[in-house]
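Here are the chains, one letter per residue:
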Amino acid sequence: MTESLVLDGKALAQSIEASLKPRVDRIVEKCNGQRPALATILVGSDPASATYVRMKGNACARVGLLSHKVELPDSATTQQLLAAIDDLNANASVYGILLQHPAPKQIDERVCFDRIVLEKDVDGVTCLGFGRMAMGQSAYGSATPAGIMTLLKHHRIDLVGRHAVVVGRSPILGKPLALMLLNAHATVTMCHSRTRDLPRIVRQADVVVGAVGKPRFIRADWIKPGSVIVDAGYHPGGAGDVDLDQARVTAAAYTPVPGGVGPMTIATLIAHTVEAAETRLGIQSAS
Ligand code: NAP
C-alpha cells in the first residue's frame, strides 16, 4: 500500500510567512516607516478566543505587521462594538479587521461583522464579501476555508469533478468552503445536524471535510479508501473532528491535527492583510 500524503499546513504556513516579510518591508518603505496594522477585536474573556487572538498577534509580529488590539468587556453591547468597528474602519493605519468569533450572546454578531468595510474584511466575514466570493468576484474569502483551498492547491489535489462532502455548514467554515470547492469544480454535498444517514454520504466522498466541532465525530469506517481528508477540528488533547488515527491509514492524503488547517488559517489572514495594504497603496501584488 502506498503511504498517505500528509498535507502539512505548518510547513506551508511557514513558507507563506517567509514570502510575506519582504512584501511588508515594501509597504513600510512606501509608508515612510509606518508599519501597517491588522486590528483584532476580542469581546469578553473566553480563554480559547484570547489564545486565538494572541496567536494572530504573534503571526503579525513574525512578518513585521503591527497588531492593533481592541478588547471589550463581557458586558459590551452591540452599539459599543459597532463604535469600535467604525473607529477601525476610519483608521488609515489599519488595513484589516478581525472580529474574533464567538462574541458574547447579547451581541448581534451578524450586524457587527457586516459593519466591517469590504476593503478591510480580511477574514471574509461580511455578507458582501461572502457573496462576492461565491460569485467568483474579488473578495477575501473566509480565512479558514481559504487556507484549506491554498493547502489543497499547493499539494495539487485534484478537485475537478470529484465528490467533496463537507460536514458542517457554519458561516465561517463549512458554508464558504463548500462554495470554494464548488468554484473549483468539485461536486459538493453539504451536511449538517439534520442530514439523514451521514455515514452513507461520507462513504461516497472523494474529499471529506470535517467541520463539525465534535472530537473524532467522523469515523474511520465512513471514509472511502483513497480519499482526501481535511480535518478542520481541534479539540483539547489533540483530536480533530475525524478519527484520523484510523482513517489516515487508507486515505490518499490528510491534514494532520495539529499542524494542518490551523496554521493555514493564521497565515491566510496575515496574507490577506498584506494584500489589502498593497491594494490600497497601489503596490503591485507579488501574490
Ligand atoms: P460550528 O459553528 O459549531 O458549526 C458546526 C457545524 O457542524 C454546524 O453546521 C452543525 O450543523 C454541524 N453539526 C453539528 N452536529 C452535527 C451532526 N451530528 N451531524 C452533522 N453535522 C453536525 O463550528 P465551526 O466554527 O464551523 O467549527 C467547526 C470545527 O472547526 C471545530 O472543531 C472548530 O474548532 C474548527 N475550526 C478550526 C479553525 C482553525 O483555524 N483550525 C477555525 C474555525 C473552526 P447545524 O448547522 O445544523 O447546526
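The structure this text deals with has already been given above.
Here the structure is a predicted model, which is why all the values come from computation and not from measurement.

A.B. asks: Help me get a handle on unusual backbone geometry, residues and values and all.
C.D. replies: That bond from His101 to Pro102 is cis: its omega, 0 degrees, falls within 30 degrees of zero. As for its placement among the helices and strands, Pro102 is situated in the loop between strand S4 (94-99) and helix H4 (109-115). A cis amide bond links Val257 with the next residue in sequence, Pro258, at an omega value of -5 degrees. Tracing the backbone through its elements, the reader meets Pro258 in the loop between strand S9 (253-254) and helix H10 (261-281). Positive phi outside glycine occurs at Asn32, with the angle close to 55 degrees. In this structure, Asn32 sits in the loop between helix H1 (9-30) and strand S2 (37-43). The phi dihedral of His185 is positive, around 75 degrees, even though this residue is not glycine. For His185, the location among the structural elements is in the loop between helix H7 (174-183) and strand S6 (187-191). When its relative accessible area of 55% is taken as the criterion, His185 is described as exposed.

A.B. asks: Residues and numbers for the sheet that holds S2, please.
C.D. replies: Taken together, the three strands give an open sheet; going across it, the order is S3-S2-S4, and neighbouring strands pair in parallel fashion. The sheet is open, and its two borders are formed by strand S3 (66-72) and S4, each paired with just one other strand. The average angle at which neighbouring strand axes cross in this sheet is 20 degrees, direction not considered. Where S2 meets S4, five bridges bridge the pair, whose relative direction is parallel. Following the sheet pairing, Ala37 is matched in S4 by Val94. Contacts from helix H2 (residues 47-63) reach S2, S3 and S4 within the one sheet, and its direction differs from that of S2 by about 170 degrees. The sheet strands contacting H10 are S2 and S4, and the helix crosses S4 at an angle near 145 degrees.

A.B. asks: Go over the site of the ligand with me, naming the residues and quoting the values.
C.D. replies: In the vicinity of the ligand lie 22 residues, with Arg169, Ser170, His192, Ser193 and Thr265 positioned nearest. Here a nitrogen atom of the ligand sits 3.1 Å away from a polar atom, N or O, in the side chain of Lys214. Taking Asp241, its side chain carries an N or O atom lying 3.3 Å from an oxygen atom of the ligand. Considered on its own, the ligand offers 930 Å² of accessible surface; in the complex 71% of this is hidden by protein. Residue contributions to the shell around the ligand peak at three residues, all from H10.

A.B. asks: Tell me about the nonpolar core, residues and numbers included.
C.D. replies: Of all hydrophobic cores here, the largest spans 52 residues; its most connected members are Leu152, Leu159, Leu181 and Ile270. Examining the composition of this core, we find that ten residues originate from one element, H10, more than from any other. Counting residues domain by domain, this core receives three or more from each of domain 1 (30-120) and domain 2 (143-262). Those residues in contact with Leu152 that lie beyond four places of it in its chain are Leu7, Ile157, Leu159, Leu181, Val228 and Val230. The next biggest cluster of nonpolar side chains, apart from the first, holds 21 residues, and it includes Ala84, Val94, Ile97 and Cys112.

A.B. asks: Any chance you could break down the pattern of salt bridges for me, citing the residues and the numbers?
C.D. replies: As enumerated under the stated definition, the model contains eight salt bridges in all. Notably, a salt bridge pairs Asp114 with Arg110, separated by 3.3 Å at the nearest N-O pair. With Asp114 and Arg110 both in helix H4 and four residues apart, the pair spans about one turn of that helix. Residue Asp114 is classed as partly exposed on the basis of its relative accessible area, which comes to 34%. For Arg110, a relative accessible area of 33% translates into the label partly exposed.

A.B. asks: Describe the sheet that holds S6, naming the residues involved and giving the relevant values.
C.D. replies: Spatially, six strands are ordered S1-S9-S8-S7-S5-S6 in an open sheet, and the strand pairing comes out parallel. The sheet is open, and its two edges are formed by strand S1 (5-6) and S6, each paired on a single side. Two elements, S1 and S9, share two bridges in a ladder whose sense is parallel. Residue Val6 lies in a different strand from S9, and its bridge partner there is Tyr254.

Rules behind the numbers
Residues numbered from 1 in each chain as written. Predicted model: local features only at pLDDT ≥ 70, side-chain atom pairs only at ≥ 80, totals over all residues. Heavy atoms only, no water. Helix = DSSP H or I, 4+ residues; strand = E, 2+ residues; numbered from the N terminus. Buried < 20%, exposed > 50% of the residue type's maximum accessible area, 1.4 Å probe, protein only. Pairing = 2+ DSSP bridges. Axes fitted to C-alpha atoms, helices over the stretch in contact; angles between N-to-C directions. Contact = heavy atoms within 4.5 Å. Near = heavy atom within 4 Å. Polar contact = N/O pair within 3.5 Å; in protein donor to acceptor, adjacent residues only side chain to side chain. Areas by Shrake-Rupley, 256 points an atom, 1.4 Å probe, with all protein chains shown as cover. Core = buried A, V, L, I, M, F, W, Y, C linked by side-chain atoms within 4.5 Å. Domains from an automatic or database assignment. Salt bridge = Lys/Arg side-chain N within 4 Å of Asp/Glu carboxyl O.

Geometric values such as these leave the question of function open.
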